Amino acid sequence: MKIFTSILVVLALALIVFNITLLDFKHPFQGDSVVAFIGIAASFCAVLILLIFRMSKKIEEKMNDKL
């Protein structure tokens, strides 16, 4: 599961980088820039969710080891 979540985090970070390249800094709220902002926000949320998931699995493993 650790490898799978790591791959997903890397893919989400790659999507953030890709969407940053689509931004038009002169007109940030017009056209494709809005879609890029949404993509950046969604990818950032995905990274956070995956990191929370990984932390919860580590906590679960520690709790199971103590029993």
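Residues numbered from 1 in each chain as written. Predicted model: local features only at pLDDT ≥ 70, side-chain atom pairs only at ≥ 80, totals over all residues. Heavy atoms only, no water.

1. So, the UniProt feature "transmembrane region" (unreviewed entry) in the chain
Part 1 of the reasoning: Look at the UniProt record and you will see "transmembrane region" (unreviewed entry) annotated at residues 33-53.
Part 2 of the reasoning: A distance of 30 Å separates the end C-alpha atoms of residues 33-53, which is 100% helix and 0% strand. (UniProt positions renumbered as here; feature names shortened; annotations may be inferred. Helix = DSSP H or I, 4+ residues; strand = E, 2+ residues; numbered from the N terminus.)

2. Focus: the pattern of salt bridges
Opposite charge on two side chains permits them to pair, given that their charged atoms come into close proximity.
Part 1 of the reasoning: One pass over the full model with this rule turns up 1 salt bridge.
Part 2 of the reasoning: K57 is the salt-bridge partner of E60, the closest N and O atoms lying 3.5 Å from each other. Taken together, the residues span about one helical turn, with E60 and K57 both in helix α2 (residues 32-66) at a distance of 3 residues.
Part 3 of the reasoning: A relative accessible area of 41% places E60 in the partly exposed class. (Salt bridge = Lys/Arg side-chain N within 4 Å of Asp/Glu carboxyl O. Buried < 20%, exposed > 50% of the residue type's maximum accessible area, 1.4 Å probe, protein only.)

3. A word on a positive patch on the surface
Part 1 of the reasoning: A cluster of basic residues, K2, K58, K62 and K66, forms a positive patch at the surface.
Part 2 of the reasoning: Residue contributions to the positive patch peak at 3 residues, all from α2.
Part 3 of the reasoning: Relative to the helices and strands, K66 resides in helix α2.
Part 4 of the reasoning: For K66, a relative accessible area of 71% corresponds to the exposed category. (Patch = residues over 30% accessible without salt bridge, like charges linked within 9 Å, V, L, I, M, F, W, Y side chains within 5 Å. Areas by Shrake-Rupley, 256 points an atom, 1.4 Å probe, with all protein chains shown as cover. Lys, Arg positive; Asp, Glu negative; His and termini not counted. Charge placed at Lys NZ, Arg CZ, Asp CG, Glu CD.)

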